[in-house]
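# Summary of structural features
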Amino acid sequence: MQEALTRKRAIDTELRHAFLANELVVYYQPVVDSRTATIVSLEALLRWRHPTRGMIRPGEFIPVAEETGMIIELGAWALRQACNDAKSWPSNVRVAVNIAPRQFQQKDLAEMVAQTLRESGLEPDRLELEITETTLMESDDVESKLREIEELGVRLSLDDFGTGYSSLGYLNRFPVKKVKIDRSFARQAIESPKTQAIVSAISALAQDLSIDLVAEGVETDAQLAFMASKNIFLIQGYLYTRPRPIEELRPLLAHWRDAPRLVSAA
Ligand code: C2E
Ligand code: MG
Ligand code: MG
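Here's what I pulled together on the structure shown here. Keep in mind the model is a prediction, meaning the values are calculated, not measured. Within each chain, residues carry numbers counting from 1 in the order of the written sequence. As they are written, the chains are lettered A onward and the ligands numbered 1 onward, keeping that order. Local features in a predicted model are, by the rule used here, given only for residues with pLDDT of at least 70; side-chain atom pairs are given and counted only at 80 or more, and totals for whole chains, interfaces and linings are based on all residues. Hydrogens and water are ignored here; the side-chain numbers use all heavy atoms of the structure.

### A word on the site of ligand 1
The nearness test applies per residue and asks whether one of its heavy atoms lies within 4 Å of the molecule or strand. With respect to spatial proximity, 23 residues lie near ligand 1, and among them Arg 47, Asp 159, Arg 183, Glu 219 and Tyr 238 are the closest. Side-chain atoms alone can form a polar contact between residues adjacent in sequence; in general such a contact is a pair of N or O atoms within 3.5 Å, and within protein one must be able to donate a hydrogen while the other accepts it. Between ligand 1 and Arg 57, the relevant distance is 2.9 Å, taken from an oxygen atom to a side-chain nitrogen or oxygen of the residue. What sets the accessible areas is the Shrake-Rupley method with a 1.4 Å probe; for residues, cover comes only from the shown protein chains. The fraction of the free accessible surface of ligand 1 (810 Å²) that becomes covered by protein chains is 86%. Note on conventions: DSSP H or I runs of at least 4 residues are helices, E runs of at least 2 residues are strands, and numbering of each starts at the N terminus. Broken down by secondary-structure element, the contributors of at least two residues to the shell around ligand 1 are strand 2 (38-50), helix 3 (71-86) and strand 6 (155-161). Considering every element that reaches the shell around ligand 1, the biggest residue donor is strand 2, with 4 residues. Tallied by class, residues from the shell around ligand 1 come to 10 nonpolar, 4 polar and 9 charged. When residues are sorted by character, Ala, Val, Leu, Ile, Met, Phe, Trp, Tyr, Cys and Pro go into the nonpolar class, Asp, Glu, Lys and Arg into the charged class, and all the rest, Gly among them, into the polar class.

In structure tokens, the structure reads:
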């Protein structure tokens with residue numbers, strides 16, 4: 001335990017320094033409509049460009065930032081960055097930003113979002129905020145905060161669906177416009193009839209509720225075809241591309257089909 005604590009403190013100190021030293025960057029990963037080969041949105045995903053350890057993925061530092069509360073500052077920064085970037089994209093391409101459960105403890109979360117939109121000049125309906133079931137379960141007065149955000153015209157997505165309680169009640173109670181099926185489903189879909197049945201059920205439900213459905217973590221043509229067979233056409237995954245710096249994606253925003261398949265590591 002002592003070791004874990006020491007490690008966390010070290011990451012915390014280093015992360016604060018990294019933030020001030022501009023070592024944090026926002027990468028983007030497209031969600032592609034597989035029917036038209038067009039990018040419908042880009043998800044902002046943080047990276048830490050560490051001077052000696054190379055590119056560090058958020059799994060290594062976001063949990064620490066959540067524990068220490070630094071995610072509030074980091075999250076606000078990522079949102080600002082994403083809105084500023086998205087302002088110059090074609091107007092049919094949305095930007096999606098992850099919001100950690102801890103950020104919902106901020107009293108003025110909706111006001112922070114509103115101010116960021118005003119400052120960037122981005123239309124509210126081009127912003128999607130990705131939340132997880134943990135947020136819906138843990139935070140007090142989350143419902144009123146979500147309503148405030150919805151009233152701004154911002155869209156809410158439920159991320160990693162299927163990993164938590166997957167309570168269908170949430171879809172009814174909260175103003176969610178989009179559900180992202182966790183990537184474990186794409187991984188298991190080909191071999192597991194049970195997974196296939198669950199994806200079918202989620203798809204039918206989403207259709208009835210008029211909720212958009214995204215399949216995360218699609219890596220192979222077989223997985224893409226499976227999702228299509230279940231009427232799931234919004235696809236995010238390495239099959240199209242890994243998360244990348246925006247400069248590399250900008251030329252593809254108008255039309256994906258002309259793009260070479262991007263496969264290099266990120
Ligand atoms: P997420 O929001 O579910 O983002 C999707 C993750 O799946 C990304 O991992 C992405 O690189 C990965 N992924 C996409 N397609 C594939 C695929 O085909 N195969 C595999 N194996 N993985 C795929 P990443 O970038 O490491 O981010 C991990 C998590 O960190 C995110 O999961 C999100 O929860 C969190 N995160 C990232 N940026 C932020 C941020 O700005 N704020 C907050 N609060 N959390 C963030
Ligand atoms: Mg996400
Ligand atoms: Mg996810």
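Structure's up, so let's keep going.
### Regarding the coordination of the magnesium ion (ligand 3)
Here a donor is an N, O or S atom found within 2.8 Å of the metal, or within 3.2 Å if the metal is Na, K or Ca; sites may look incomplete because water is not among the atoms. For the magnesium ion (ligand 3), the full set of protein donor atoms is Asp 159 (OD), Asp 160 (OD), Glu 216 (OE) and Glu 216 (OE), at a range of 2.1 to 2.6 Å. Within one chain, the residues serving as donors to the magnesium ion (ligand 3) are arranged as D-D-x55-E. Here the magnesium ion (ligand 3) and the magnesium ion (ligand 2) are spaced 4.1 Å apart, and both take Asp 159 as a donor. Within this pair, whereas Asp 159 is found in strand 6, its partner Glu 216 is found in strand 8 (residues 212-216), the two being separated by 57 residues in sequence. Buried means the residue's accessible area, taken with a 1.4 Å probe over protein chains only, is under 20% of the maximum for its type, while exposed means over 50%, and partly exposed covers the values in between. Overall, the relative accessible area of 6% leaves Asp 159 in the buried class.

### A closer look at the side chain of Thr 116
With respect to the helices, strands and loops of the structure, Thr 116 is situated in helix 4 (residues 109-120). In this structure Thr 116 comes out as buried when scored by relative accessible area, which is 6%. Aside from chain neighbours lying at most four places away, what touches Thr 116 is Leu 79, Arg 80 and Cys 83. We call two residues in contact when some of their heavy atoms are within 4.5 Å.

### Section: the coordination of the magnesium ion (ligand 2)
Around the magnesium ion (ligand 2), the donor atoms from the protein are Glu 43 (OE), Asn 98 (OD1), Glu 130 (OE) and Asp 159 (OD), and they sit 2.0 to 2.3 Å away. On the primary sequence, the residues serving as donors to the magnesium ion (ligand 2) are separated as E-x54-N-x31-E-x28-D.

### Looking at the packing of aromatic side chains
Two rings belonging to Phe, Tyr or Trp (six-membered ring only in the last case) form a pair when the distance between their centres is within 6.5 Å. Interplanar angles under 30 degrees mark stacking, angles over 60 mark edge-to-face geometry, and anything in between is tilted. The full count for this structure, using the stated rule, is 4 aromatic pairs. Plain terms: the ring middles of Tyr 28 and Trp 89 are 5.2 Å apart, the flat faces sit at 85 degrees to each other, and that makes the pair edge-to-face. In this pair, Tyr 28 sits in strand 1 (residues 24-33) while Trp 89 sits in the loop between helix 3 and strand 4 (94-98), placing the two residues 61 residues apart along the sequence. There is no split in this pair, since Tyr 28 and Trp 89 are both buried. Ring geometry for Tyr 170 versus Phe 174: centroids 5.8 Å apart, planes at 45 degrees, classification tilted. Like Tyr 170, the residue Phe 174 is buried in the burial classification. Only when the NZ atom of a Lys or the CZ atom of an Arg is both within 6 Å of the ring centre and within 35 degrees of the ring normal do we say a charge sits over the ring. The lysine or arginine in question, Arg 242, covers the ring of Tyr 238, its NZ or CZ lying 4.1 Å from the ring centre.

### Some words on helix 9 (residues 193-209)
Multiplying one less than the number of residues by 1.5 Å gives the expected span of a helix. Counted at 1.5 Å a residue, the expected span for helix 9 with its 17 residues is 24 Å, and the 24 Å between its end C-alpha atoms agrees. Residues of helix 9 that are buried: Thr 195, Val 199, Ile 202, Ser 203 and Ala 206. Buried residues of helix 9, viewed axially, fall in a sector of 100 degrees; they line one side. Across helix 9 from its buried face, at more than 90 degrees, point the exposed residues Pro 193, Lys 194 and Asp 208. Tucked inside the fold, the buried residues of helix 9 contact strand 6, strand 7 (178-181), helix 8 (183-189), strand 8 and helix 10 (221-229). By construction, the arc corresponds to the directions joining the helix axis to the C-beta atoms.

### Re the environment of Pro 51
Tracing the sequence through the fold places Pro 51 in the loop between strand 2 and strand 3 (54-56). For the pair Pro 51 and Arg 7, spaced 44 residues apart in sequence, the C-alpha to C-alpha distance is 18 Å.

### Topic: the pattern of salt bridges
Salt bridge, as used here: a side-chain nitrogen of Lys or Arg that lies within 4 Å of a carboxyl oxygen of Asp or Glu. Scanning the entire structure with this criterion turns up 15 salt bridges. The closest approach of N and O atoms between Arg 244 and Glu 248, which form a salt bridge, is 2.3 Å. Linked through salt bridges whose partners overlap, the residues forming this network are Glu 143, Arg 147, Glu 150 and Arg 173.

Structural measurements only, silent on function.
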